[in-house]
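Breakdown of the fold
In case you want the letters, here they are:
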Amino acid sequence: PELPARSPDKTGMVTEVKDRSLMVSEGGSFKISVDDGGAAGGGAVTSSNSEATGPSTEVVVTGETKIYRDTTFDERMPGENEKIQQVVEPFEFSQVNKDSFVSVWGYKRGDRLIAEVILYSQPVIFNAGDEGE
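Being a predicted model, the structure only gives us computed values, none of them experimental.

About the criteria used
Residues numbered from 1 in each chain as written. Predicted model: local features only at pLDDT ≥ 70, side-chain atom pairs only at ≥ 80, totals over all residues. Heavy atoms only, no water. Helix = DSSP H or I, 4+ residues; strand = E, 2+ residues; numbered from the N terminus. Contact = heavy atoms within 4.5 Å. Areas by Shrake-Rupley, 256 points an atom, 1.4 Å probe, with all protein chains shown as cover. Buried < 20%, exposed > 50% of the residue type's maximum accessible area, 1.4 Å probe, protein only. Polar contact = N/O pair within 3.5 Å; in protein donor to acceptor, adjacent residues only side chain to side chain. Core = buried A, V, L, I, M, F, W, Y, C linked by side-chain atoms within 4.5 Å. Salt bridge = Lys/Arg side-chain N within 4 Å of Asp/Glu carboxyl O.

With that settled, the discussion passes to the overall build of the chain. Regarding its fold elements, the chain presents zero helices and eight strands. For the chain, the α and β elements follow one another from N to C terminus as β-β-β-β-β-β-β-β. Within the chain, counting contacts between residues at least 6 apart in sequence, those at least 24 apart form 58% of the total. Split by element, the accessible area of the chain, about 8,900 Å² in all, is 47% carbon and sulfur.

Within the fold, V59 resides in strand β5 (residues 56–70). Assessed through its relative accessible area of 0%, V59 is described here as buried. Placed 45 residues apart in sequence, V59 and V14 show a C-alpha to C-alpha distance of 9.7 Å. Apart from residues no more than four positions distant in its own chain, V59 is found in contact with R20, S21, L22, V24, V104, L113, A115 and I118.

What follows is about the environment of S100. Along the chain, S100 falls in the loop between β6 (88–90) and β7 (101–109). The exposure class assigned to S100 is buried, which follows from its relative accessible area of 0%. Taking the C-alpha atoms as reference points, S100 and S121, separated by 21 residues in sequence, lie 6.1 Å from one another. A polar contact is formed between the side chain of S100 and the side chain of Y120, at a distance of 3.3 Å.

Now for the nonpolar core. L22, V59, I67, V96, V102, V104 and I118 are the most contacted members of the largest nonpolar core, which totals 15 residues. For this core, the secondary structure elements donating two or more residues are β2 (21–25), β5, β7 and β8 (112–121). No other element matches the four residues that β8 contributes to this core. With sequence-adjacent residues up to four places away left out, I118 is seen in contact with L22, V59, V61, T65, K66, I67, Y68, V102, S103 and V104. Core analysis: the next-biggest nonpolar cluster, separate from the first, contains five residues, Y68, V88, W105 and V117 among them.

Going through the model one piece at a time under the given rule, you end up with six salt bridges. A salt bridge links E89 to R69, with the nearest nitrogen and oxygen atoms 3.2 Å apart. In this pair, E89 sits in strand β6 while R69 sits in strand β5, placing the two residues 20 residues apart along the sequence. The class of R69 is buried, set by a relative accessible area of 17%.

Right, let's talk about the side chain of T57 for a bit. Position of T57 relative to the elements: it lies in strand β5. Engagement of the side chain of T57 in a polar contact is seen with the side chain of K10, the distance being 3.1 Å. Apart from the residues lying within four places of it in its own chain, the contact partners of T57 are K10, L22, M23, V24, K108, D111 and L113.

Below, the structure is given as structure tokens:
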């Protein structure tokens, strides 16, 4: 019920955070390098790099903007054929960071999008060592 029933006005990756605005790009990729762990195995993320490839839009955050974080998969991954209920919780603008994924509902003013609601998601990184388990 916290999120508008209509589709977001902008969805994409945060490429820059400054003052009370975000630069959001529609296209992009997220690359990671994984250390194979040598003979001991394990494998750890050694670096990550995001690359925005689409057009960017400035999203302005006002005192009226409601910001939520998607916590749907924080506790566990759902089982096969299990119904998924999206769960969100209030979130602070100061915690939004570059390379995060956002969905924004708002209205255009010139080239800017004035945010009414922002849904923030952490970048998803899968552990390659979990394959087949």
